[in-house]
Number of protein chains: 2
Amino acid sequence: MKPQTIKVACSNCNLRELCMPLDLNAEELRRIDELVTTRRKVKRGATLFHNGEKFNSLYAIRTGFFKTCVAAEDGRDQVTGFQMAGEVVGLDGIVNDHHTCNAIALEDAEVCVMPFERIEELSREVNALQRHVHKIMSREIVREHGVMLLLGSMRAEERLAAFLLNLAQRLHARGFSPSELVLRMTREEIGSYLGLKLETVSRTFSKFAEDGIVEVRQRHIRILDAPALQHMAHPVACH
Amino acid sequence: MKPQTIKVACSNCNLRELCMPLDLNAEELRRIDELVTTRRKVKRGATLFHNGEKFNSLYAIRTGFFKTCVAAEDGRDQVTGFQMAGEVVGLDGIVNDHHTCNAIALEDAEVCVMPFERIEELSREVNALQRHVHKIMSREIVREHGVMLLLGSMRAEERLAAFLLNLAQRLHARGFSPSELVLRMTREEIGSYLGLKLETVSRTFSKFAEDGIVEVRQRHIRILDAPALQHMAHPVACH
DNA sequence: CGGCCATTTGACACTAGTCAATGTGAGTGG
DNA sequence: CCACTCACATTGACTAGTGTCAAATGGCCG
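Quick caveat: nothing in here was measured; it's all calculated off a predicted structure.

Asker: In this structure, what is going on with the packing of aromatic side chains? I would like to understand it.
Answerer: Residues and elements named next belong to chain A. Considering all chains together, one arrives at 12 aromatic pairs over all chains under this definition. Residues Phe82 and Tyr193 carry aromatic rings whose centres are separated by 5.2 Å and whose planes lie at 65 degrees to one another, so their mutual orientation is edge-to-face. Of this pair, Phe82 sits in strand β4 (residues 77–84) while Tyr193 is found in helix α6 (residues 187–194), placing the two residues 111 residues apart along the sequence. Take Phe82 and Tyr193: they sit in the same class, and that class is buried. Grouped by ring-pair contacts, the aromatic residues Phe65, Phe82, Phe163 and Tyr193 constitute a single cluster.

Asker: It is not clear to me how the protein's contact with DNA strand C should be interpreted in this structure. Could you clarify?
Answerer: Not every one of the 16 residues close to DNA strand C is listed here, only the nearest: Ala156, Thr200 and Arg203 of chain A together with Ser202 and Ser206 of chain B. Sugar and phosphate atoms constitute 62% of the interface atoms of DNA strand C, taking the interface as everything within 4 Å of the protein. Backbone polar atom of Arg187 of chain B to a phosphate oxygen of DNA strand C: 2.8 Å apart, as the coordinates give it. Between DNA strand C and the protein, one listed contact pairs a phosphate oxygen with a side-chain N or O atom of Ser202 of chain B at 2.6 Å. Per-element accounting of the surface near DNA strand C gives the leading share, 5 residues, to helix α7 (residues 198–210) of chain B. Class assignment of the residues belonging to the surface near DNA strand C gives a composition of 3 nonpolar, 5 polar and 8 charged.

Asker: Before we go on, may I ask you to explain helix α4 (residues 127–153) of chain A in this structure?
Answerer: Every α-helix carries 3.6 residues per turn, so stepping three or four residues along brings you back to the same face. For α4 of chain A, spanning 27 residues, the distance from its first C-alpha to its last is 39 Å, which sits close to the expected 39 Å at 1.5 Å a residue. For α4 of chain A, the buried fraction is high: 20 of the 27 residues fall into the buried class.

Asker: Hey, could you run me through unusual backbone geometry in this one?
Answerer: Working note: non-glycine residues mostly have negative phi, and peptide bonds are mostly trans. Residue and element names in this part refer to chain A. Backbone geometry at Gln218 places phi at a positive 55 degrees, although glycine is not the residue there. Counting through the fold element by element, Gln218 comes out in the loop between β8 (214–217) and β9 (220–223). For Gln218, a relative accessible area of 66% corresponds to the exposed category.

Asker: Help me out: how do you make sense of the sheet that holds strand β7 (residues 180–182) of chain B in this one?
Answerer: Paired through backbone hydrogen bonds, the strands of a sheet run either parallel or antiparallel to each other. Residue and element names in this part refer to chain B. Strand order in the open sheet formed by 3 strands is β7-β9-β8, and the pairing between neighbours is antiparallel. Strand pairing shows two members of the sheet lacking a second neighbour, β7 and β8 (214–217), which therefore form its edges. Strand-to-strand twist in this sheet, taken as the mean axis angle between neighbours without regard to direction, amounts to 15 degrees. Relative to strand β9 (residues 220–223), β7 runs antiparallel, the two sharing 3 bridges. Residue pairing across strands places Val182 opposite His220, the latter belonging to β9.

Asker: What should I look at first to understand the protein's contact with DNA strand D in this one?
Answerer: Near DNA strand D, the surroundings consist of 18 residues, among which Arg187, Ser202 and Ser206 of chain A together with Thr200 and Arg203 of chain B are the closest. Taking all atoms of DNA strand D within 4 Å of the protein, the share assigned to sugar and phosphate is 64%. Within the side chain of Ser202 of chain A, a nitrogen or oxygen atom sits 2.8 Å from a phosphate oxygen of DNA strand D. The separation between a phosphate oxygen of DNA strand D and a polar side-chain atom of Ser206 of chain A is 2.5 Å. If you list the elements that add at least two residues to the surface near DNA strand D, you get α7 (198–210) of chain A together with α7 of chain B. Considering each element in turn, the surface near DNA strand D owes the most residues, 5 residues, to α7 of chain A.

Asker: Can you help me understand the interface of chain A and chain B in this one?
Answerer: Put simply, an interface is often sized by how much accessible area is lost when its parts join up. Facing 51 residues of chain A, the contacting portion of chain B comprises 50 residues. Roughly 4,600 Å² of surface becomes buried between chain A and chain B when both sides are summed, with 59% attributable to carbon and sulfur atoms. On the surface where chain A and chain B come into contact, there are 4 salt bridges. Where Glu120 of chain A meets Arg131 of chain B, a salt bridge forms, and the shortest distance between an N and an O atom there is 2.5 Å. Linking chain A to chain B there are 26 residue pairs in polar contact (both at pLDDT 80 or more). Taken together, the elements giving at least two residues each to the side of chain A that touches chain B come down to β4, α3 (116–123) and α4 of chain A.

Conventions and cut-offs
- Residues numbered from 1 in each chain as written.
- Chains lettered and ligands numbered in written order.
- Predicted model: local features only at pLDDT ≥ 70, side-chain atom pairs only at ≥ 80, totals over all residues.
- Heavy atoms only, no water.
- Phe/Tyr/Trp six-rings, centres within 6.5 Å; stacked < 30°, edge-to-face > 60°.
- Helix = DSSP H or I, 4+ residues; strand = E, 2+ residues; numbered from the N terminus.
- Buried < 20%, exposed > 50% of the residue type's maximum accessible area, 1.4 Å probe, protein only.
- Near = heavy atom within 4 Å.
- Polar contact = N/O pair within 3.5 Å; in protein donor to acceptor, adjacent residues only side chain to side chain.
- Nonpolar A, V, L, I, M, F, W, Y, C, P; charged D, E, K, R; others polar.
- Expected span 1.5 Å × (residues − 1).
- Pairing = 2+ DSSP bridges.
- Axes fitted to C-alpha atoms, helices over the stretch in contact; angles between N-to-C directions.
- Contact = heavy atoms within 4.5 Å.
- Buried area = accessible area lost by both parts, 1.4 Å probe.
- Salt bridge = Lys/Arg side-chain N within 4 Å of Asp/Glu carboxyl O.

In structure tokens:
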């Protein structure tokens, strides 16, 4: 067992290909290592940052699972995303120097803290980092376009199918089974993300199970018929 | 009348405070002027860029009005935003070097073409520009969070009220009346943006009119009771 | 002036929401 | 180790809000 004192650096982090640019030379790699000033553990249920908090850093998720949510004045809130290892949260804070959403750990988690000042400084000198930062933000914009499409024009079954496929695909990219997953969030949180009530989420799961498309045991999901799920998510794909 | 040959530069563009950073010295201003290589006119109904097209530039809108929309495989499409003078479109293209949505002019328009390579180059040297680019992208992310809240948890009346208030506020910031506006988009486009069918949009307009909250004459809208609209958009604000 | 597209309005259908009761597991403390 | 508790999940019955389909109206452009 490795001694605890080894500082895990980006340069030898096994998530590097997920959260950092790939085409770096040795010198650039060394400098990237300086991006992460500290790491921070976040207990399940605790907030990484919250609405109104001063923005200082972006956070790269090392382990664990987060949700981000925005709140309306009247108390309703909307989950805007679920984030897992290798993904970056905190981008919402840049524009007004204050965060506009809450990031809450859905399981014990650890994040790399990257002061934004330092990111900007370094990305002036390392072109690959500059490009990378731009891509991360653009990717988030494109992801949100997809969510808007989902919320604006899909029905409950389609939404849940798309959600499961997306989750499975991201987990698969991280080395997990492409067909078996454990949900880290409640039905209510899924519903909030998908613009549905928790009862509807539950019913839709049950329907998928009846149809033999997925197996549902609480939060343990096994995708039995991925093509059928695909088809649910994009219903009228045939012409 | 000024001669046509005068090249309008960012440095003396009346939209500067909308689309460019403010705190620039003379030298930086001169360099920013080099960002815009050309201007491009887009006729009403024409596309500025479309899904799948190679990404090269961001576009700052000088005049006119655009919609951006993403398309699902099955033909459905979702309007992801309406953009007006001083706003920037094209950010979706950065992540994959190809655009993932269509930008279509809703009235004759003119845009400033800003090659992204040049933006990146210059923002390495002009800190204010770097910061500005980051803010523009972050602002778009935050805007989309708001749309997700709207699509995920608001009812038809609330959505339309929020939409009208947002449009009015943006137009007001551009020197137009805060209470009188001309919609540049159809009911169907509004519906697509708000996740509603065009009939629902129409009915909701009619209801607002009956209630004396707005006056609706085709696409001419006059807001008669802004507080009431505010209240519609944030229904349970009282405790 | 005519044709066309956008809009409005009505009647009805259906999806998802609401409210309520019941079931299930994970974790806790006796 | 077991019973208890609590949060989460499931299911049913009913309802409200939008969608769907269809018809009529109104403006605008050629």
